[in-house]
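# Observations on the model geometry
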Amino acid sequence: QVQLVESGGGLVQAGGSLRLSCVASGRTFSFYAMGWFRQAPGKEREFVSSIDWTGGNTIYSDSVKGRFTISRNNAKNTVNLQMTTLNPEDTAVYYCAGASRAATTRSFVDYPHWGQGTQVTVSS
């Protein structure tokens, strides 16, 4: 069974930084794009970032571009999200997701595999 496990969430002050990690098991990790999504209470789940199968191409939502950086290490089956200049609007549960394709994608329907989520809370 495919498993994705996130870690690194927590409480930080506005302007601070946090690094999220995701470890994958149960499938051939290096063949697929990976992504990060987030969901705040009472809100829809939204796209944050995606990285292609080689790590050579990345995409970001407008709200995080320039502040967040996605990366992957296929030898370790990991994907990371380095978050900087955090603000209270970044507060959400962050989910690691595995795509069904090799290229980056923003679409929820392209990600059949999901982690359990990790809470990020940014105080003002």
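Refer to the structure above for everything that follows.
Quick look at the structure, then. Treat the numbers as computed from the prediction; the structure is a model and nothing was measured.

### Some details on unusual backbone geometry
Most of the time, phi is negative for any residue but glycine, and the peptide bond is trans. One non-glycine residue, Asn77, adopts positive backbone phi at about 55°. Assignment of secondary structure puts Asn77 in the loop between strand 7 (68-73) and strand 8 (78-83). The backbone of Thr85 shows a phi angle near 50°, a positive value even though the residue is not glycine. Topologically, Thr85 is positioned in the loop between strand 8 and strand 9 (92-98). Taking the relative accessible area as the measure of exposure, Thr85 reaches 48% and is therefore partly exposed.

### Observations concerning the pairing of strand 8
Counted residue by residue, strand 8 has five buried out of six residues, so it is predominantly covered. Pairing of strand 3 (residues 18-25) with strand 8 involves six bridges; the strand directions are antiparallel. Residue pairing across strands places Cys22 opposite Val79, the latter belonging to strand 8. The pairing of strand 7 with strand 8 spans six bridges and is classified as antiparallel. Bridge pairing in strand 8 links Ile70 to Leu81. Between strand 7 and strand 8, which follow one another and run antiparallel, lie four residues, and Asn77 among them has a positive phi close to 55°.

### Some details on the state of the cysteines
Counted by the stated rule, this structure contains one disulfide. Each disulfide pairs two cysteine sulfurs, and for Cys22 the partner residue is Cys96, the sulfurs being separated by 2.1 Å. Judged by the sign of its S-S torsion, about -75°, the bond between Cys22 and Cys96 is left-handed. In this pair, Cys22 sits in strand 3 while Cys96 sits in strand 9, placing the two residues 74 residues apart along the sequence. By the burial criterion, Cys22 is buried, and Cys96 matches it.

### Comments concerning the side chain of Ser50
Following the sequence through the fold, Ser50 ends up in strand 5 (residues 46-51). For Ser50, the side chain forms a polar contact with the main-chain oxygen of Met34, separated by 3.1 Å. In contact with Ser50, not counting residues within four places along its chain, are Ala33, Met34, Gly35, Asn57, Thr58, Ile59, Ile70, Thr104, Thr105 and Tyr111.

What counts, and at which threshold
- The numbering scheme is per chain: residues are counted from 1 as the chain's sequence reads.
- Local features are withheld for residues below a pLDDT of 70 in this predicted model, meaning they are given only at 70 or higher, and side-chain atom pairs are given and counted only at 80 or more; totals for whole chains, interfaces and linings count all residues.
- Side-chain figures throughout are based on the complete set of non-hydrogen atoms in the structure, without hydrogens or water.
- Secondary structure elements are taken from DSSP: a helix is a run of H or I of four residues or more, a strand is a run of E of two residues or more, and numbering for both begins at the N terminus.
- Exposed residues in this analysis have more than 50% of their type's maximum accessible area, buried residues have under 20%, and partly exposed residues fall in between, with area computed by a 1.4 Å probe over protein chains only.
- Being paired, for any two strands, means DSSP has found at least two bridges between them.
- Cysteine sulfur atoms that pair up within 2.5 Å are treated as a disulfide.
- Under this definition, polar contacts are N or O atom pairs within 3.5 Å; protein pairs additionally need one hydrogen-donor-capable and one acceptor-capable atom, and for neighbouring residues in sequence, both atoms have to be side-chain atoms.
- In what follows, residue pairs with any heavy atoms lying within 4.5 Å of each other are defined as contacts.

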